[in-house]
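Summary of the model geometry
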Amino acid sequence: MEQTGTILTEAIIQKIEAEAGKYPTRRAAVKSALRYAQAEFGWISEGVVKAVAEVLGLERIEVFEVATFYDMFYTRPVGKFPVRVCTNVSCLLRGADGIMEALCQRLGVEEGETTADGRFTVFAAECLGACGGAPMMAVGDDYHEDLKADELDNVLAGYQ
Amino acid sequence: MSSPSEIRVCLPPHDAVTPWTLAFYRERGGYDAWEKVLKNQTPREEIIETLKTSGLRGRGGAGFPTGLKLSFMPRDAQGQKYIVCNSDESEPGTFKDRDILRFNPHQVIEGMALAGYAIGATIGFNYIRGEYYEPWQRFEAALIEARQAGLLGENLMGSEIAFELHSQRGAGAYICGEETALLESLEGKKGQPRFKPPFPAQVGAFGKPTTINNTETLASIPPIIRNGAEWFSSIGVENSGGTKIYSVSGHVNRPGNYEVPMGMPFRDLLEMAGGVQDGRALKAVIPGGSSVPVVPADAIMECTMDYDGLSQVGSALGAGSVIVMDETTCMVEVLERISYFYFAESCGQCTPCREGTGWLYRMIRRIRNGEGTHADLDRLKSVADRIEGRTICALGDAAAWPVQSFLKHFRHEFEAMIPREEAA
């Protein structure tokens, strides 16, 4: 059943309006709008797509195609903290495979899966632009560099 | 002989504690150039001429002369124009703009203000890759400082000149580093490259004339205007003016960013980065980010790090992203990973790239799994050759060059993985 009214909070709508004010078109604020909504709801559901489209005056497909094009938008539920382990060349050369293996073992998941407590989803990521600190991973917005397999517990403990 | 040392133009000094603050930047002459331009209403042509003479070339990969690029803007045309900074740093091996934004955000702001003034743009956008949260925060904080200090906004220093600047975060897509894909993304669309012409200088952001420059390029501008074109060009070598930040990664003892004069011998750069890890022998180097052709050890050790030097060994400076591989590296594994990247990041718009990158990746994976044939080696080259030059943007070329160069220099490693019965 279609929802009536928006699911976006007043605070989010205000942030979207502030962003839209920077550009000659409201459409230019779509990535920011999706980002704010994802921070609130955890992922981009059809309801979020509809609500963002309404706020910005766009067709739903114009929002949906953006939500599915970019890696940082999740169109299915994910853990509270997405963990993106860089597996590209510079990290590969410095042991990214071992980090990925240790991380999955530690969390009891396979790549792409979410932990039972809903805290983490593990992703293999393309280059995150921190090759000087390889191997590295991003947990939520934070970068963790020069990773060692036996120090992963310390890193993860910071995310509850 | 003294050991090689850094000359930091775009990066702040090593010993600075909070180099990202306005106070720190101003102490070192920051915004002097912008204030002088505002006060004197310097003719726009003068700024462009200075940049032309300085020898500054685009640091994002293509190496196009910056002054010339700015001169393409229709200066006398009425209406809104834009200056856009490309901080969507995503080429594997590249991590210089991250440090410029984290540690020297005001220099990017001043560079954008000066470039914007030179082309008659009153609004700028800095497109920062979505994963760069900390760099984006630093840039945003710097914008607030600059506005409060009256360095951005309207009627700057009592003049008629206005310049406003915003950042926009990306959301994870390599292709958005391509300038026209970036413009599409900036406008809130999928990042799919546009046909050229029209070029951005005619039809750019939101349909208006736009110049797009890389972060390091824009950060180079304030010191050039402050210290003069000759100062900058004399740091580098003929045809490659100034300093360049090399992002050194892979099998070295001290990976990191090193800002040095253009034209430094590769062996000196390697020494700065602490040499090859664990004292092993060098095998090969990808000198400009994962898309540029790989260079074997003996050739790179005799090479200088500048546009011409790397061109002479069949490769390119790219974004100065130096990926070092030691003798233990499996070149088939590395190429498989690189090919997967371009396959995953192809935007899907052009058939040769969308289909061809998948073919390349699957064939290399098959070879690495011991299921390849000799015909696959020729087919790899054939597919790469048929992608190159047949797509709207350079991602197709970026996928082809590694395959062509790895096969050229390390074909024996691929052949060694092909089952013996096939070899007969």
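Residues numbered from 1 in each chain as written. Chains lettered and ligands numbered in written order. Predicted model: local features only at pLDDT ≥ 70, side-chain atom pairs only at ≥ 80, totals over all residues. Heavy atoms only, no water.

**Notes on the overall build of chain A**
When helices and strands are tallied, chain A shows 7 helices and 4 strands. When the helices and strands of chain A are listed from N to C terminus, the series reads α-α-α-α-β-α-α-β-β-β-α. Summarising its shape, the C-alpha atoms of chain A cover approximately 50 × 35 × 25 Å along the three principal directions. Burial status across chain A gives 56% buried among its 160 residues. Partitioning the intrachain contacts of chain A with sequence separation of at least 6 by distance along the chain shows that 58% fall at a separation of at least 24. Accessible surface, chain A as shown: approximately 7300 Å² in total, 48% of it carbon and sulfur. Charge-centre separation for chain A: the mean point of 15 positive side chains lies 5 Å from the mean point of 25 negative side chains. (Helix = DSSP H or I, 4+ residues; strand = E, 2+ residues; numbered from the N terminus. Buried < 20%, exposed > 50% of the residue type's maximum accessible area, 1.4 Å probe, protein only. Contact = heavy atoms within 4.5 Å. Areas by Shrake-Rupley, 256 points an atom, 1.4 Å probe, with all protein chains shown as cover. Lys, Arg positive; Asp, Glu negative; His and termini not counted. Charge placed at Lys NZ, Arg CZ, Asp CG, Glu CD.)

**Some remarks on the interface of chain A and chain B**
Between chain A and chain B, the residue contacts involve 37 residues of the former and 54 residues of the latter. Area buried by chain A at its contact with chain B is led by Phe69, Leu93 and Arg94 of chain A, which between them contribute 17% of it. Along the contact surface separating chain A from chain B lie 4 salt bridges. Two residues, lysine 190 of chain B and glutamate 65 of chain A, come together in a salt bridge whose shortest N-O distance is 3.8 Å. When residues of the side of chain A that touches chain B are traced back to their parent elements, those giving at least two are α2 (30-41), α4 (60-69) and α5 (89-93) of chain A. (Buried area = accessible area lost by both parts, 1.4 Å probe. Salt bridge = Lys/Arg side-chain N within 4 Å of Asp/Glu carboxyl O.)

**Examining the confidence of the model for chain B**
The share of residues in chain B with pLDDT of 70 or more is 98%, and the mean pLDDT across the chain is 96. Two summary scores accompany this predicted model of the complex, namely pTM at 0.97 and ipTM at 0.96. (pLDDT = per-residue confidence, 0-100.)

**Some thoughts on the side chain of arginine 129 of chain B**
Counting through the fold element by element, arginine 129 of chain B comes out in the loop between β2 (123-128) and α7 (133-148). Aside from chain neighbours lying at most four places away, what touches arginine 129 of chain B is Cys127, Leu128 and Gly129 of chain A together with Ser87, Asp88, Glu89, Ser90 and Gly170 of chain B.

**What about the sheet that holds strand β1 (residues 82-87) of chain B?**
All names here are of chain B. Pairing is parallel in the open sheet, where 4 strands are placed in the order β3-β2-β1-β4. Of all strands in the sheet, those bounded by a partner on one side alone are β3 (164-169) and β4 (210-214). Mean inter-strand twist for the sheet, computed between neighbouring axes without regard to direction, equals 20°. Across 5 bridges, β1 lies against β4 in parallel orientation. What sits directly across from tyrosine 82, in β4, is threonine 210. (Pairing = 2+ DSSP bridges. Axes fitted to C-alpha atoms, helices over the stretch in contact; angles between N-to-C directions.)

**Concerning the domain arrangement of chain A**
What the domain assignment lists for chain A is domain 1 (10-69) and domain 2 (81-157). Taking the mean C-alpha position of each, domain 1 of chain A and domain 2 of chain A sit 29 Å from one another. (Domains from an automatic or database assignment.)

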